[in-house]
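Architecture and fold: a report
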Amino acid sequence: MTAAQLFAEAVDALHALLLSGAVWLVLLCGAAGLAVYAVCVAVWALPSMAWQAVTAGLAAAAAARALGGRVTAVQGPEVSEPLPGPGERYTPGWAHDTDNPTDIGEAA
């Protein structure tokens with residue numbers, strides 16, 4: 001191998017190394033930029049969410065004070081008819097035919 005060929009090979013290797021280094025640098029800068037962006041979003045969003053939670057808590061406390069401390073649990077509707085026992089079918093009250101009390105099983 002002559003000196004000129006050796007020099008050309010060295011220049012080609014240097015070019016490949018510089019190109020791969022530039023690609024790595026661009027990728028590393030992109031990843032670092034995304035990390036900095038994520039940190040900035042977290043630093044901006046967390047105090048905002050904390051402020052919303054504090055104001056919601058203060059509003060709930062003010063509502064409780066306005067009720068005079070008479071906060072009661074929410075109760076469901078009262079049951080007007082008993083639930084069927086084991087083996088019995090449940091039919092709601094509006095489904096009962098009061099005009100014609102015959103059972104459909106008896107008519108068949």
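See the structure shown above.
This next bit is on the overall build of the protein. The number of helices and strands found in the protein is two helices and zero strands. For the protein, buried positions account for 0% of its 108 residues. Here the protein has roughly 10,000 Å² of accessible surface; of this, 70% comes from carbon and sulfur atoms.

Spanning 64 residues, helix α1 (residues 3-66) covers 94 Å between terminal C-alpha atoms, matching the ideal 94 Å at 1.5 Å per step. Once α1 ends, the next one or two residues include Gly-68, with phi positive near 75 degrees.

Let us now look at a nonpolar patch on the surface. Together, Leu-19, Val-23 and Leu-27 make up a nonpolar patch on the protein surface, roughly 290 Å² of accessible area in all. With respect to the element layout, Leu-27 can be found in helix α1.

Calculation criteria
Residues numbered from 1 in each chain as written. Predicted model: local features only at pLDDT ≥ 70, side-chain atom pairs only at ≥ 80, totals over all residues. Heavy atoms only, no water. Helix = DSSP H or I, 4+ residues; strand = E, 2+ residues; numbered from the N terminus. Buried < 20%, exposed > 50% of the residue type's maximum accessible area, 1.4 Å probe, protein only. Areas by Shrake-Rupley, 256 points an atom, 1.4 Å probe, with all protein chains shown as cover. Expected span 1.5 Å × (residues − 1). Patch = residues over 30% accessible without salt bridge, like charges linked within 9 Å, V, L, I, M, F, W, Y side chains within 5 Å. Salt bridge = Lys/Arg side-chain N within 4 Å of Asp/Glu carboxyl O.

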